[in-house]
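Letter by letter, the chains look like this.
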Amino acid sequence: MLEHIDAELEDPILKVMASFKASTVSHKLDLGIGVYRDSKGKTPIFKAVKEAELIIQMQETSKAYLGPVGDTQYTGLIHQLLFGQLDCPPDFFQIIQTPGGTGALRVAGEFLHSALPFATLWLSDPAWSTHKPIFSGAQLPTKEYRYFDHETRVLDFAAMCEDIAAIPTGDIVLLQSCGHNPSGCNLSYEQWLSVSQLMADRGLLPLLDLAYHGLDQGQILDLQSIKAIEAHHDEWLLCYSASKTFSLYNDRTGALAVRNRTIQNAHHALSLILNLVCANYYMPPAHGASVVRTILTSSDLTELWKHELEAARTRIIDCRKALIDALSSSGTDDYQFLERQEGMFAYLGLTEKELAWLREKHALYFGPGGRLNIAGLNPQSLPQISQALTELAKKKRG
Ligand SMILES: Cc1ncc(COP(=O)(O)O)c(C=O)c1O
């Protein structure tokens, strides 16, 4: 009955990972994966997480179901962490714990499709390659707004505003709060305020995606987008991922928050969300949320976590600088745009042919479109990467 299935893996990031794994070349480098790496190329577990896990191991007395909302102490702490800066009273928010940021996006997609059956969700071009499949899985139609100038490889704010100004009233716009994946191009606070105002004028619903909190401009500045959206909107959603920010990738820890116009709306929105969750995974896993809760309820662990997160961010900045220096000392100025991108990703805007050439000739595995994980760089890999990119620039010039 199932032998007619001829599906193939579609996710472009997983495809790159699979071809990297299959390669037998000893000097191959995986630059596409979207996880933080330390100077040894490892994805570390923060010490704060390890210490929290020891506490949990000693104190945990039951593995009883959490319920579809998840760990409510965790969601309260996430509220405090992200929305404590706002004047809006907590009752206007409903927050549930989700299996990662992806789980939050999927539940948000189903919720929006159910609440706004005629709405379209607008994604940036380029977007995280998983955004589109998540929302088409939730039956929510998607379209794209311009975000990135593919010539200069930096943010095209004028084009972004022009496109958003033409989106039909009642549609939804997804905006990445910080550390834009894959482009590395982000809005200034003034730009956030203008987009927020523009969307309010057009009657558009903001959906924020926050997956790199603390890894772009810092733990406080990375939340400015929330303040700017709240300044002009009394209804919006936010999908949060603790994967990178707490180094909890495989513990699948995230949250979905809905900011409502009234407290009564908030109750109805939560009921709809919980119905969708119950029909899907029923309840989120407990461990990652327990870790976050244990960290955020201990001032010592919170300090340690903040320090480790800031150290990761600083390393990313240093890696970017080292790449820029290596490229300019090799005599090419084709990559100057890297200075105007920030966060964990650099986006080179490469064609499939160029990506294949980098894989075959230099054993370098970039992400879709030439997404480069800046944290994946280290002194050992830098010469190989800068040599390949310099050669590519020369080849392109002919
Ligand atoms: C922009 C963006 N949103 C959401 C996510 C989801 O993160 P996770 O499901 O791993 O928590 C990611 C992960 O890479 C991402 O890059």
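Quick notes on the rules
- Residues numbered from 1 in each chain as written.
- Predicted model: local features only at pLDDT ≥ 70, side-chain atom pairs only at ≥ 80, totals over all residues.
- Heavy atoms only, no water.
- UniProt positions renumbered as here; feature names shortened; annotations may be inferred.
- Helix = DSSP H or I, 4+ residues; strand = E, 2+ residues; numbered from the N terminus.
- Buried < 20%, exposed > 50% of the residue type's maximum accessible area, 1.4 Å probe, protein only.
- Polar contact = N/O pair within 3.5 Å; in protein donor to acceptor, adjacent residues only side chain to side chain.
- Contact = heavy atoms within 4.5 Å.
- Pairing = 2+ DSSP bridges.
- Right-handed = clockwise from strand over helix to strand, strands pointing away.
- Near = heavy atom within 4 Å.
- Areas by Shrake-Rupley, 256 points an atom, 1.4 Å probe, with all protein chains shown as cover.
- Nonpolar A, V, L, I, M, F, W, Y, C, P; charged D, E, K, R; others polar.
- Arc of directions from axis to C-beta.
- Salt bridge = Lys/Arg side-chain N within 4 Å of Asp/Glu carboxyl O.
- Domains from an automatic or database assignment.
- Buried area = accessible area lost by both parts, 1.4 Å probe.

> Any details on the UniProt feature "domain: Aminotransferase class I/classII large" (unreviewed entry) in the chain? Residues and values, ideally.
The sites that carry the UniProt feature "domain: Aminotransferase class I/classII large" (unreviewed entry) are, in the present numbering, residues 27–388. Structurally, residues 27–388 comprises 43% helix and 15% strand, and the distance from its first C-alpha atom to its last is 13 Å.

> Can you break down the side chain of Ser 124 residue by residue, with the values?
Looking at the element boundaries, Ser 124 is found in strand β3 (residues 121–125). The class of Ser 124 is buried, set by a relative accessible area of 4%. A polar side-chain atom of Ser 124 sits 2.8 Å from the main-chain carbonyl oxygen of Pro 126. For Ser 124, the side chain forms a polar contact with the side chain of His 180, separated by 3.0 Å. Beyond its immediate sequence surroundings of up to four residues, Ser 124 is in contact with Glu 144, Tyr 145, Tyr 147 and His 180.

> I'd love a proper account of the pairing of strand β4 (residues 142–146), names of residues and values included.
As judged from the 5 bridges shared by β3 and β4, these two strands associate in the parallel manner. In the strand pairing of β4, Leu 121 is matched with Thr 142. As a crossover connection, the stretch from β3 through helix α5 (residues 131–137) into β4 is right-handed.

> Could you give me a rundown of the pairing of strand β8 (residues 205–210), with the residues and numbers involved?
For a regular strand, side-chain orientation follows a simple rule: the groups alternate between the two sheet faces. The buried fraction of β8 amounts to 6 of the 6 residues, a majority that puts the element mostly inside the structure. Of the two faces of β8, the one carrying Leu 205, Leu 207 and Asp 209 and the one carrying Pro 206, Leu 208 and Leu 210 are both buried. For the segment spanning strand β7 (residues 172–176), helix α7 (residues 189–202) and β8, crossover handedness is right-handed. Here 4 bridges tie β8 to strand β9 (residues 236–241), and the two strands are oriented parallel to one another. By the bridge assignment, Leu 208 is partnered in β9 with Leu 238.

> Outline the site of the ligand, listing residues and values.
In the vicinity of the ligand, 14 residues are found, and the nearest of them are Thr 102, Asn 181, Ser 241, Ser 243 and Arg 252. At 2.6 Å from an oxygen atom of the ligand is found a side-chain nitrogen or oxygen belonging to Ser 243. Taking Arg 252, its side chain carries an N or O atom lying 2.7 Å from an oxygen atom of the ligand. Protein chains bury 93% of the 390 Å² of accessible surface belonging to the ligand in isolation. Examining the composition of the shell around the ligand, we find that 4 residues originate from one element, helix α4 (residues 100–115), more than from any other. For the shell around the ligand, the residue count by class is 4 nonpolar, 7 polar and 3 charged.

> Just give me the short version of helix α1 (residues 12–22), but keep the residues and values in it.
Within α1 the residues assigned to the buried category are Ile 13, Val 16 and Phe 20. Buried residues along α1 cover an arc of 60° about the axis, so they all sit on one side. Along α1, the residues that are exposed and aim more than 90 degrees away from the buried face are Lys 21 and Ala 22. On the buried face of α1, the contacting elements are β1 (29–30), β12 (364–365) and β13 (371–373). With a side-chain oxygen lying 2.8 Å from the backbone nitrogen of Ile 13, the N-terminal cap of α1 falls on Asp 11.

> Which residues make up the pattern of salt bridges, and what values go with them?
Counted by the stated rule, this structure contains 13 salt bridges. Notably, a salt bridge pairs Lys 63 with Glu 60, separated by 2.9 Å at the nearest N-O pair. Accessibility expressed as a relative area gives 38% for Glu 60, which makes it partly exposed. Between Asp 71 and Arg 293 there is a salt bridge, and its shortest N-O distance comes to 2.8 Å. Of this pair, Asp 71 sits in the loop between α2 (47–59) and α3 (72–83) while Arg 293 sits in helix α10 (residues 287–296), and the two are 222 residues apart along the sequence. Where salt bridges share partners, they join Arg 146, Glu 162 and Asp 163 into one cluster.

> Hey, could you go over the domain arrangement of the chain for me, with residue numbers and the actual values?
For the chain, the domain assignment lists domain 1 (12–45 + 313–397) and domain 2 (49–299). For domain 1 and domain 2, the distance between their C-alpha centres works out to 28 Å. Listed by partner, the interface residues are 24 residues for domain 1 and 26 residues for domain 2. Note on domain 1 versus domain 2: buried area summed over both sides is about 2000 Å², and carbon and sulfur give 60% of it. One can count 0 salt bridges joining domain 1 with domain 2. Where domain 1 meets domain 2, there are 11 residue pairs in polar contact (both at pLDDT 80 or more). Of all the secondary-structure elements, those providing two or more residues to the side of domain 1 that touches domain 2 are α1, α11 (299–329) and β11 (345–347). Looking at the side of domain 1 that touches domain 2, the element that brings in the most residues is β11, giving 3 residues. When its residues are assigned to classes, the side of domain 1 that touches domain 2 shows 14 nonpolar, 5 polar and 5 charged.

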